[in-house]
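Structure at a glance
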Amino acid sequence: MNMPETKDKLKELFHEIKMEKPSEDFMKNLMLRIEKKVTAQKKRKVILSYLSIAAGIACIIFVPALIIYFLKIEITPILLPNIFSEVATVFKNFSINPNIVGLGLVVLLLLLGDSVFRKYFVNGKQ
C-alpha cells in the first residue's frame, strides 16, 4: 500500500469538486424552515409543561379519591369548636397601658439612633 499515491488521488478528487455558493432564495427558505422548526419545538415544550402540571394536579386530587372509593373508607365530618366566641372572651377586658407603649417607643427610638450613629459616624471614619 503506497500512501503518497492515495493522498495524490484524494487531492485530485477534491480539486475536481467545485464549491458552489447556494442561492439567496435557498438560504432564506432554509432559514425560514429552521425558524419554524424551532418555534414549533418551543410551543411543544410549553404545551408539555402545562400538560405535566395539569396531570400532577389531577393526580393529587384523583389518587386519594380513588383510594378512598375503592377501599370504602368512611369519612366522618370533623366538628370544630367555635373559635370566635373564645377570642371574644380573651379580648373582653383588653386595655392598652400608655406607660408600657411609651417605654417601647423610647427603646425603639434609642435603637434606631444607635444604628444611625454607628452607620454614619463610627464606620465613616475608617
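Summing up its helical and strand segments, the protein has four helices and zero strands in all. Since a compact globule built from 126 residues should have a radius of gyration of about 14 Å, the 40 Å found for the protein marks it as more spread out than a globular shape. If one aligns the C-alpha atoms of the protein with their principal axes, the spans along those axes are about 105 × 75 × 40 Å. Expressed as a percentage of the 126 residues in the protein, the buried residues total 0%. For the protein, the separation between the mean place of its 18 positive charges and that of its 11 negative charges on side chains is 9 Å.

The next point concerns helix H2 (residues 24-70). When the terminal C-alpha atoms of H2 are compared, their 66 Å separation across 47 residues agrees well with the 69 Å that a helix rising 1.5 Å per residue should span. Bending of H2 peaks at approximately 25 degrees at the position of Cys-59. Directly after H2, the chain includes Lys-72, whose backbone phi takes a positive value near 55 degrees.

This part is about the confidence of the model for the protein. Reading predicted coordinates in detail is not appropriate for stretches of low pLDDT. Here the protein averages 84 in pLDDT, and 91% of its residues register 70 or above. Here helix H1 (residues 3-16) stands out as the element of the protein with the lowest mean pLDDT, 72, in contrast to H2, whose mean of 92 is the highest.

Before going further, it helps to spend a moment on the packing of aromatic side chains. This model, assessed by the stated rule, comprises one aromatic pair. Summarising the aromatic geometry, the rings of Tyr-69 and Phe-70 are spaced 5.3 Å apart at their centres and angled 70 degrees between planes, so their arrangement reads as edge-to-face.

This paragraph deals with the domain arrangement of the protein. The domains assigned to the protein are domain 1 (26-76) and domain 2 (95-126). For domain 1 and domain 2, the distance between their C-alpha centroids amounts to 55 Å.

Together, Ile-83, Val-87, Val-90, Phe-91, Phe-94, Ile-96, Val-101, Leu-105, Leu-108, Leu-109 and Leu-112 make up a nonpolar patch on the protein surface, roughly 1100 Å² of accessible area in all. The dominant element in the nonpolar patch, judged by the number of residues it contributes, is helix H4 (residues 98-122), at five residues. Topologically, Val-87 is positioned in helix H3 (residues 83-90). Residue classification places Val-87 among the partly exposed residues on the basis of a relative accessible area of 38%.

We now examine unusual backbone geometry. Here Lys-72, not a glycine, exhibits a phi torsion of approximately 55 degrees, which is positive. Mapped onto the secondary structure, Lys-72 falls in the loop between H2 and H3.

The rules we used
Residues numbered from 1 in each chain as written. Predicted model: local features only at pLDDT ≥ 70, side-chain atom pairs only at ≥ 80, totals over all residues. Heavy atoms only, no water. Helix = DSSP H or I, 4+ residues; strand = E, 2+ residues; numbered from the N terminus. Rg over C-alpha atoms; globule rule 2.2 N^0.38 Å. Buried < 20%, exposed > 50% of the residue type's maximum accessible area, 1.4 Å probe, protein only. Lys, Arg positive; Asp, Glu negative; His and termini not counted. Charge placed at Lys NZ, Arg CZ, Asp CG, Glu CD. Expected span 1.5 Å × (residues − 1). Bend = angle between axes of the 7 residues up to and from the residue. pLDDT = per-residue confidence, 0-100. Phe/Tyr/Trp six-rings, centres within 6.5 Å; stacked < 30°, edge-to-face > 60°. Domains from an automatic or database assignment. Patch = residues over 30% accessible without salt bridge, like charges linked within 9 Å, V, L, I, M, F, W, Y side chains within 5 Å. Areas by Shrake-Rupley, 256 points an atom, 1.4 Å probe, with all protein chains shown as cover. Salt bridge = Lys/Arg side-chain N within 4 Å of Asp/Glu carboxyl O.

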